[in-house]
Amino acid sequence: MAMIGLFDTGHGGLTIYKALRAAMPLRQFVYFGDHGRAPYGTKSATEILELTKSAIITLFERGCPLVVLACNTATAIALRSLQQEWLPHSEYKNRRVLGIIVPTVEIATTSHADAPMNKHETLAVFATQRTIESQVFEVEIHKRNPLANVIPQICPHLAGAIEAGASEGELEKQVQDAVAACLEKTNGTAPQRAILGCTHFPIVEHLFKKYLPASTVLFSQGTAVADRLADYLQRHPEFNQREEKRADVFLTSGDAIAVSRDAQRFLGLSLPFERCAK
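Fair warning: this is a prediction, and the values are worked out from it, not measured in the lab.

J.: Quick question: what am I supposed to make of the sheet that holds strand β6 (residues 149-154) here?
T.: In any sheet, the strands associate via hydrogen bonds between backbone groups, in a parallel or an antiparallel arrangement. The strand order β6-β5-β7-β8 describes an open sheet built from four strands, whose pairing is parallel. Looking at the sheet topology across the chains shown, the edges are occupied by β6 and β8 (217-220). The average angle at which neighbouring strand axes cross in this sheet is 20°, direction not considered. Bridging between strand β5 (residues 122-127) and β6 involves six bridges; their strand directions are parallel. Note on β6: the bridge partner recorded for Phe126 is Gln153. Along the sheet face, helix α4 (residues 101-110) touches β5, β7 (193-196) and β8 and points at about 165° away from the line of β7.

And the structure:
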């Protein structure tokens, strides 16, 4: 079957890779982490757009007809422009680029015991500052439920702490503070649903479950993206042509040895990253 490319600025997208690998064992994946130019959160929208486009081209040239931006910042800042303004007029116009925010919102607003959201439900979104400031989660949620009460909650240092290998105690304090700040906005009322809107956050999902009220249904992106991508592939048979199954490929713009070591610590997977200059 056709290879699927995955792009992230660092390790966070590996949580998406892990979910897709479990859901699609016959697929080959090519993962590109732009560790050498991360983080993207401090870069301008123009820089993010150009870096994301460059990464997509790298994956296209590696033979991937379909690329998933396994990064909320790249999805929020660059995806729409790339899909609408660049890709249709490029030499890659027959290929596709997808994001991870819309699939997450689709699942979070419809999937809970097969029941859609009630009109006035409260849905919290925990994410990085750049993703929250883009308001893309709020926009997509309100497209599906205009009356939903969306509570955006910035977790300013959590993704960086996870990637840096911070202690469990430090991570727990950051999650506890984020949940407390969210509940303060609702006057202590539990949100009915909550989205972990950063690909790093599944690593500390157990901590969010510890501090969020038990009644809050928590949605993590890996499961949501795997579900919606499977549906997309069913509707697009051009990406289902049989090809020889090869080993997954892991690319980085950073130090391949260090990135491979950190990936083992981050996700517990032995992944042989190779250096890619682009």
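J.: What's the story with the packing of aromatic side chains in this structure? I'm lost.
T.: The geometry of an aromatic ring pair comes down to the distance between the two centres and the angle between the two planes. Counted by the stated rule, this structure contains 11 aromatic pairs. Here the aromatic rings of Tyr17 and Phe250 are separated by 5.2 Å at their centres, their planes lie at 85°, and the arrangement is edge-to-face. A residue pair is termed long-range when its members are at least 10 positions apart, and Tyr17 in helix α1 (residues 13-23) and Phe250 in strand β9 (residues 249-252) qualify at 233 residues. Residue Tyr17 shares its accessibility class with Phe250, and that shared class is buried. Arranged with centres 6.3 Å apart and planes meeting at 25°, the rings of Tyr232 and Phe239 form a pair that is stacked. When sorted by exposure, Tyr232 lands in the same class as Phe239, which is buried. In this structure an aromatic cluster arises from ring pairing among Tyr17, Phe29, Tyr31, Phe250 and Phe273.

J.: Is there a simple way to explain the pattern of salt bridges in this structure?
T.: Pairing is possible between side chains that carry opposite charge, provided their charged atoms lie close to one another. Scanning the entire structure with this criterion turns up 17 salt bridges. Between Arg228 and Glu106 there is a salt bridge whose closest N-O contact spans 3.1 Å. Here Arg228 is found in helix α10 (residues 221-235), whereas its partner Glu106 is found in helix α4, with 122 residues between them in sequence. Ionic pairing is found between Lys143 and Glu140, a salt bridge with its closest N-O pair at 3.2 Å. Here Lys143 and its partner Glu140 are both found in helix α6 (residues 136-144), three residues apart, which amounts to about one turn of the helix. Look at Glu140 and you get buried, because its relative accessible area is 6%.

Scoring rules and cut-offs
- Residues numbered from 1 in each chain as written.
- Predicted model: local features only at pLDDT ≥ 70, side-chain atom pairs only at ≥ 80, totals over all residues.
- Heavy atoms only, no water.
- Pairing = 2+ DSSP bridges.
- Helix = DSSP H or I, 4+ residues; strand = E, 2+ residues; numbered from the N terminus.
- Axes fitted to C-alpha atoms, helices over the stretch in contact; angles between N-to-C directions.
- Contact = heavy atoms within 4.5 Å.
- Phe/Tyr/Trp six-rings, centres within 6.5 Å; stacked < 30°, edge-to-face > 60°.
- Buried < 20%, exposed > 50% of the residue type's maximum accessible area, 1.4 Å probe, protein only.
- Salt bridge = Lys/Arg side-chain N within 4 Å of Asp/Glu carboxyl O.

Keep in mind that these numbers describe shape and distance, not what the molecule does.
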